[in-house]
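# Chain and residue survey
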Amino acid sequence: MDRIVSQRFDDYPQDVRLKLLEIRTLIFKIADDLQLGDINESLKWGEPSYHVQSGSPIRMDWKLKSPDYFYLFFNCNTKLVDTFREIYGDVLTFQGNRAIVLNRGEAIPASVILHCLTLGMTYQKVKHLPLLGA
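Cut-off values and rules
Residues numbered from 1 in each chain as written. Predicted model: local features only at pLDDT ≥ 70, side-chain atom pairs only at ≥ 80, totals over all residues. Heavy atoms only, no water. Helix = DSSP H or I, 4+ residues; strand = E, 2+ residues; numbered from the N terminus. Rg over C-alpha atoms; globule rule 2.2 N^0.38 Å. Buried < 20%, exposed > 50% of the residue type's maximum accessible area, 1.4 Å probe, protein only. Contact = heavy atoms within 4.5 Å. Areas by Shrake-Rupley, 256 points an atom, 1.4 Å probe, with all protein chains shown as cover. Lys, Arg positive; Asp, Glu negative; His and termini not counted. Charge placed at Lys NZ, Arg CZ, Asp CG, Glu CD. Pairing = 2+ DSSP bridges. Axes fitted to C-alpha atoms, helices over the stretch in contact; angles between N-to-C directions.

### A look at the overall build of the chain
Regarding its fold elements, the chain presents five helices and six strands. Counting from the amino terminus, the chain carries its helices and strands in the arrangement α-α-β-β-β-β-α-β-β-α-α. The C-alpha radius of gyration computed for the chain amounts to 14 Å, which stays within 12% of the reference 14 Å derived for 134 residues, consistent with globular compactness. Its C-alpha atoms put the chain at 40 × 35 × 25 Å along the principal axes. A buried classification covers 46% of the 134 residues belonging to the chain. Taking as baseline every contact in the chain between residues at least 6 positions apart, the subset at least 24 positions apart corresponds to 54%. As displayed, the chain has an accessible area near 7100 Å², and 50% of this comes from carbon and sulfur atoms. Across the chain, the mean location of the 16 positive side-chain charges is 5 Å away from that of the 16 negative side-chain charges.

Here you go:
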């Protein structure tokens, strides 16, 4: 992990850090399983950001102003969050067309988040499909 990204993870409360690291692990697993190539891991707007050639950037963060939640951010100019809302509106909470909002005190719905991350990481290949091919 990049030193600057690692330092950012160190700034999160421990329970949040563990959940965000769990999501990071899912991102790297998807890239490996689908052979998506190298992941560009960096900080964008002070938030850990992940991008592969075939996808749309994914960022994650926890904010002191809403301490009970953490977020997965997607490009608001894509159909990603609208698609997630249509498929998983009964399971996930959203912030506009840019984020999945996860409750800090609850387990991550791993299979749902895995699917959302997969769609984000393959967006350039599936953006023309209804519901992104889901």
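After presenting the structure, the write-up continues.
### Some words on the pairing of strand S2 (residues 47-51)
Burial analysis of S2 places four of its five residues in the buried class, which makes it a mostly covered element. Connecting strand S1 (residues 40-44) to the next strand, S2, in antiparallel fashion are two residues, including Trp 45 with a positive phi near 55°. Bridging between S2 and strand S3 (residues 58-62) involves two bridges; their strand directions are antiparallel. Bridged to Ser 49 within S3 is Arg 59. Hairpin connection between S2 and S3: a loop of six residues separates the two successive antiparallel strands.

### Quick word on the sheet that holds S1
The sheet built from six strands is open, its strands ordered S1-S2-S3-S4-S6-S5 with antiparallel pairing. Strand pairing shows two members of the sheet lacking a second neighbour, S1 and strand S5 (93-95), which therefore form its edges. The mean angle between the axes of side-by-side strands here comes to 30°, regardless of whether they run parallel or antiparallel. Against the sheet, helix H3 (residues 80-88) makes contact with strand S4 (69-74), S5 and strand S6 (99-103), and its axis sits at roughly 155° relative to S5, the strand it touches most.

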